[in-house]
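# Chains, contacts and geometry: an overview
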Amino acid sequence: MSYEKYKWKARLLVIHTPNYKNKDYLLTKNIYQKNIKDFHKRFIKLVTKVKKDKEFKIFLIGFDGEVKKKFKKLEYKKIFSIIDK
C-alpha cells in the first residue's frame with residue numbers, strides 16, 4: 001500500500017494487525033473514535049493493514065511520509081504531545 005496520496009496532506013496512524021478481531025486493534029479503534037475530533041484537528045488519519053503473520057503494531061507517519069514513532073499500543077496523549085511540539 002502506498003501512502004503517497006496522503007503525503008503533505010495528513011499524518012497517518014498505520015495499524016498492523018493479524019485480524020480485525022484482535023483485542024488490541026478493537027481497543028485502538030475505540031480510542032480513536034472517542035477522540036476523533038482531536039485526531040482530526042491534528043490531521044491524523046487511521047489506516048489499517050491486516051497481516052496474518054505479523055504482531056500488532058502502530059506506526060505514526062508524518063506529513064513527509066517518514067515513520068516518526070512506533071507503538072505497541074495507542075498512546076494518544078503521547079502522540080498529541082509529539083505533534084503539538
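The structure this text deals with has already been given above.
Residues numbered from 1 in each chain as written. Predicted model: local features only at pLDDT ≥ 70, side-chain atom pairs only at ≥ 80, totals over all residues. Heavy atoms only, no water.

It is worth spelling out the overall build of the protein at this point. Along the backbone of the protein there are three helices and four strands. Listed by position from the N terminus, the elements making up the protein come as β-α-α-β-β-β-α. Projected onto its principal axes, the C-alpha coordinates of the protein cover approximately 35 × 25 × 15 Å. Buried positions account for 39% of the 85 residues belonging to the protein. Here the analysis covers contacts within the protein between residues at least 6 apart in sequence; of these, 69% occur between residues at least 24 apart. Surface summary for the protein: the accessible area is close to 5,800 Å², and the carbon and sulfur share equals 52%. Each charge class in the protein was averaged separately, 25 positive and 9 negative side chains, and the resulting centres sit 4 Å apart. (Helix = DSSP H or I, 4+ residues; strand = E, 2+ residues; numbered from the N terminus. Buried < 20%, exposed > 50% of the residue type's maximum accessible area, 1.4 Å probe, protein only. Contact = heavy atoms within 4.5 Å. Areas by Shrake-Rupley, 256 points an atom, 1.4 Å probe, with all protein chains shown as cover. Lys, Arg positive; Asp, Glu negative; His and termini not counted. Charge placed at Lys NZ, Arg CZ, Asp CG, Glu CD.)

Below, the discussion takes up the pairing of strand 4 (residues 67-71). Relative to strand 4, strand 3 (residues 57-61) is paired through four bridges, and the arrangement is antiparallel. Bridge pairing links Ile61 to Val67 in strand 4. Two successive antiparallel strands, strand 3 and strand 4, enclose a turn made up of five residues, where Gly65 displays a positive phi of approximately 90°. (Pairing = 2+ DSSP bridges.)

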